[in-house]
Amino acid sequence: MKNKELIEKLNKKHSLSFEEWEQLLSTYTKEDYEYATNLAREIAVDVFGKKIYFRGIIEFSNFCKCDCYYCGIRKSNKCAQRYRLDLEDILECCKEGYENGFRTFVLQGGEDGWFGDERMCEIVKAIKEHYPDCAVTLSLGERSFDSYKLLKEAGADRYLLRHETADETHYGELHPKTQTMQNRLQCLKDLKTLGYQTGCGIMVGTPGQTPKVLATDMKFMEEFQPEMIGVGPFLPHKDTPFKDAEKGSVELTLLILSLCRIMLPKVLLPATTALGTLEADGRKQGVLAGCNVIMPNLSPISVRKKYMLYDEKAGTDITAKEGIALLSQQMEEIGYEVVVGRGDFGKENEND
Ligand code: SAM
């Protein structure tokens, strides 16, 4: 089958075989790319209209016990200046977000033992008490089933945990042996079982990633049926083992995003900060390739530069207000409108 036919098949059946994925990802042409991104944009407009959900991301700790080879806040990076926000700081970020129309707060951090279940549940409950009409998304890495359960009971609605890759060999190229793919995938299953709207995802262009690896990832996402997918380019950080590695490509990232949209038409799909870092208008391009979510940074300016996952991260020297204004303007420039609302999966026709 020709690549264009494979894209059409994906659009009809929402599924391709592993071999079909591999063919598409290893032999796609400029025309295939354009066909996929245009189709994905049309699907996103059909499902969501020209509407973009904003999620306010609060990077509340950069302490991390993990040692992922790609990540700037990995445990072994002795140059990283570590910080934690307290409950008051976090609520202050939410206030700013709420006043700007945000109805989802994403709490993201390294795997920081200081934020055990009791502290984390206290934070989730406080946000829900202050902002009962808002969704809370957590992105705290791997925790136990019981921990995820407690956080859900405290009021958390969604959880983002990129699987990073579903290819075991490639997982081993990106992580030390103490971090296993089995555990990461088990966490994702646990989150779904507990009723979270669950997000998985990958970086595009990690060292050693091949079309076969990407085919494995697409197949995994097809089977897992996530409610959200996070896909952004890999970008090197100067104090990590991957400091000399090549950046991921904009085009391949946009292709993968568009194929995610075609495969899972209703999935919540952010145009990521990493995409906006790789190219100034990366997030616009993401939306034009089928993304429907943008995650402006609500973290206090004083800590922005410390949550450096990769070099030259976009938006670290502007305030939350400036960042929101810039991203809203970018969306307007391409004819999209930022909407106030929780933007839950499957409720795209509801006005909150
Ligand atoms: N600790 C949580 C976790 O592991 O899911 C959340 C924080 S972690 C820093 C969030 C995501 O950042 C990771 O899932 C990874 O895909 C992405 N990331 C880390 N380093 C990156 C890099 N150098 N380039 C692009 N994305 C990166």
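Further up the page is the structure itself.
Please read all numbers here as calculations on a predicted model, not as lab measurements.

Glancing now at the environment of E223. Within the secondary structure layout, E223 lies in helix α9 (residues 211-224). With 58 residues separating them along the chain, E223 and T165 place their C-alpha atoms 14 Å apart.

We now examine empty space enclosed by the protein. If you walk through the whole model with that rule in mind, you get 2 cavities of 30 Å³ or more. Contributing to the lining of the largest cavity are R55, T104, V106, T137, R158, L160, M228, L268, P270, V293 and M295. Here the lining of the largest cavity is built from residues that sort into 7 nonpolar, 2 polar and 2 charged. When its volume is computed, the second largest cavity comes out at roughly 40 Å³. Looking at the second largest cavity, the residues that line it are F60, G110, E111, D112, F115, M120, L140 and R143. In terms of residue class, the lining of the second largest cavity is made up of 4 nonpolar, 1 polar and 3 charged.

W21, I58, I127, L138, I256 and L259 are the most contacted members of the largest nonpolar core, which totals 116 residues. Ranked by residues supplied to this core, first place goes to helix α10 (residues 250-263) with 10 residues. Other than its neighbours up to four places away in sequence, L259 contacts L10, W21, L24, L25, A36 and M218.

Strand order in the open sheet formed by 6 strands is β2-β3-β4-β5-β6-β7, and the pairing between neighbours is parallel. Looking at which strands have only one partner, the edges of the open sheet turn out to be β2 (56-61) and β7 (228-233). Ignoring strand direction, the axes of neighbouring strands in this sheet form an average angle of 20°. In this sheet, β7 lies alongside strand β6 (residues 197-204) in parallel orientation, the contact comprising 6 bridges.

All chains considered together, the criterion is met by 11 aromatic pairs. Both rings, one in F54 and one in F102, keep their centres 5.6 Å apart while their planes meet at 70°; by these two values the pair is edge-to-face. Of this pair, F54 sits in strand β1 (residues 51-54) while F102 is found in the loop between α4 (87-99) and β3 (104-109), placing the two residues 48 residues apart along the sequence. The same class applies to F54 and to F102, which are both buried. Ring geometry for W114 and F115: centres 5.2 Å apart, planes at 80°, overall edge-to-face.

Conventions adopted
- Residues numbered from 1 in each chain as written.
- Predicted model: local features only at pLDDT ≥ 70, side-chain atom pairs only at ≥ 80, totals over all residues.
- Heavy atoms only, no water.
- Helix = DSSP H or I, 4+ residues; strand = E, 2+ residues; numbered from the N terminus.
- 1 Å grid on protein atoms, 1.4 Å probe; cavity = no way out; pocket = protein on both sides within 12 Å on 5 of 7 lines; lining within 4 Å.
- Points joined across faces, edges and corners; volume = space filled by probe spheres on them.
- Nonpolar A, V, L, I, M, F, W, Y, C, P; charged D, E, K, R; others polar.
- Core = buried A, V, L, I, M, F, W, Y, C linked by side-chain atoms within 4.5 Å.
- Buried < 20%, exposed > 50% of the residue type's maximum accessible area, 1.4 Å probe, protein only.
- Contact = heavy atoms within 4.5 Å.
- Pairing = 2+ DSSP bridges.
- Axes fitted to C-alpha atoms, helices over the stretch in contact; angles between N-to-C directions.
- Phe/Tyr/Trp six-rings, centres within 6.5 Å; stacked < 30°, edge-to-face > 60°.

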